[in-house]
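Close look at the chain arrangement
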Amino acid sequence: MKRFFKRILRIISLALALMLAAVFYPYAKDWLQGIFPQGKYERISTLLTHELEEAGELTAIRYTDTGIMYAETNALFLGSVQQVSVPYAYEIGLGFPLSEVKIQPLENAMEVTLPQIRMLYDSFQVTGEPEVNDFWYHLTESRYQKMLDDQALSCREEYLEGEQYRQEAWDAACKTLQTLFAQWANESLIITFVPVSFP
C-alpha cells in the first residue's frame, strides 16, 4: 500500500513540476539566455538580422579625386592637331547592401559574413572651362563626350580594381558594423568578420 502511494506521489510531483516549468519558462527564458552565451548570441543575431534587413546599403568608404583630363590627337606629318584639357572631380562610394550580410551565432561570439565590396555610386563632373586647341581638327560634341566618358571609366576602374582600395573599404565596413551592432544590441559583442566564399 505504501508503495502505491509513493508511486502516486511521484506522478503527482512530476506533473506539478512539469506544470510549473511550463508556466514559468517564458519568464525564465530571457534570464537563461542572458546567462548562457549561446542563447544570448542567438537572440542578438535575430535582432541584428532584422535591423540589417531594414537598413538598406552600407557605404563603407567614399573617395573623391580631382584632376585635369588631357587628350591630344596627332596626324601624320602635321603632328598635334587637337589638344583638350578639362578639370574634373570624381567621387565613388564603395560598400554593399546590408541585406546580404549573414550572421551566424556561435557558442560565445558571432560570425558575420560580408558580401563582396562593390561600387554603390559614382559621379564624374567637369569643374571648369575646358581648354580646346582644335584649329586643324575640330572637336565635335560626340568626341568630347567620349573623352569625358573614357576619363570617368578610367577613374572608376582605378578604384574598383585597386587592391588597396578594396582592403580599405573592407576594414572600414568591419569597423562600421562593429560599432553599429554594438549600438543595436546595446552592448559590446565578440564578432569575427569573414568574406563571402564562392563554390
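Quick caveat, the model's predicted, so the values are computed rather than measured.

Rules and cut-offs
- Residues numbered from 1 in each chain as written.
- Predicted model: local features only at pLDDT ≥ 70, side-chain atom pairs only at ≥ 80, totals over all residues.
- Heavy atoms only, no water.
- Salt bridge = Lys/Arg side-chain N within 4 Å of Asp/Glu carboxyl O.
- Helix = DSSP H or I, 4+ residues; strand = E, 2+ residues; numbered from the N terminus.
- 1 Å grid on protein atoms, 1.4 Å probe; cavity = no way out; pocket = protein on both sides within 12 Å on 5 of 7 lines; lining within 4 Å.
- Points joined across faces, edges and corners; volume = space filled by probe spheres on them.
- Nonpolar A, V, L, I, M, F, W, Y, C, P; charged D, E, K, R; others polar.
- Axes fitted to C-alpha atoms, helices over the stretch in contact; angles between N-to-C directions.
- Parallel < 35°, antiparallel > 145°, perpendicular 65-115°, else oblique.
- Contact = heavy atoms within 4.5 Å.
- Pairing = 2+ DSSP bridges.
- Phe/Tyr/Trp six-rings, centres within 6.5 Å; stacked < 30°, edge-to-face > 60°.
- Buried < 20%, exposed > 50% of the residue type's maximum accessible area, 1.4 Å probe, protein only.

**So, the pattern of salt bridges**
Under the definition given, this model contains five salt bridges. For Glu187, the salt bridge identified is with Lys40, shortest N-O distance 3.0 Å. Of this pair, Glu187 sits in the loop between helix H4 (163-185) and strand E7 (191-195) while Lys40 is found in helix H2 (residues 37-55), placing the two residues 147 residues apart along the sequence. Between Arg166 and Glu163 there is a salt bridge, with the nearest N and O atoms lying 2.6 Å from each other. Within this pair, Arg166 and its partner Glu163 are both found in helix H4, separated by three residues, close to a single helical turn.

**Section: the layout of surface pockets**
Taken as a whole, the largest pocket encloses approximately 180 Å³ of empty space. Taken together, 11 residues form the lining of the largest pocket, with Pro115, Gln116, Ile117, Trp170 and Pro195 sitting closest to its centre. Here the lining of the largest pocket gets four residues from one element, more than from any other, and that element is H4. Class assignment for the residues of the lining of the largest pocket results in seven nonpolar, two polar and two charged.

**Some thoughts on the packing of helix H3 (residues 141-161) against H4**
Axis separation between H3 and H4 bottoms out at 5 Å; the angle between their running directions is 60°. Comparing their axes, H4 and H3 come out oblique. The segment H3 lies against H4, with Glu158, Tyr159, Leu160 and Glu161 engaging Glu163, Tyr165 and Arg166. A breakdown of the residues in the contact of H3 with H4 according to their chemical character gives three nonpolar, no polar and four charged.

**Description of the sheet that holds strand E4 (residues 110-114)**
Hydrogen bonding along the main chain pairs the strands of a sheet, whether they run parallel or antiparallel. Spatial strand order, E3-E4-E7: three strands in an open sheet with mixed pairing. In this open sheet, the two edge strands, each paired with only one partner strand, are strand E3 (102-105) and E7. In this sheet, adjacent strand axes meet at a mean angle of 25° when their direction is disregarded. Bridge count for E4 against E7 is five bridges, and the pairing is parallel. Bridge assignment links Val112 to a residue of E7, and that residue is Phe193.

**Observations regarding the packing of aromatic side chains**
Centre-to-centre distance and the angle between the planes together describe a pair of aromatic rings. Inspection of the entire model under this criterion finds six aromatic pairs. Aromatic pair Tyr63 and Tyr159: ring centres 5.1 Å apart, planes at 25°, arrangement stacked. One end of the pair, Tyr63, is in strand E1 (residues 57-75); the other, Tyr159, is in helix H3, with 96 residues separating them in the sequence. One exposure class covers both Tyr63 and Tyr159, and it is buried. Ring centres 6.1 Å apart and planes at 35° place the aromatic pair Phe181 and Trp184 in the tilted group. You can see Phe181 and its partner Trp184 sitting in helix H4, three residues apart, about one turn around the helix. Taken together, the aromatic side chains of Tyr63, Tyr90, Tyr159 and Tyr165 make up a single cluster linked through ring pairs.

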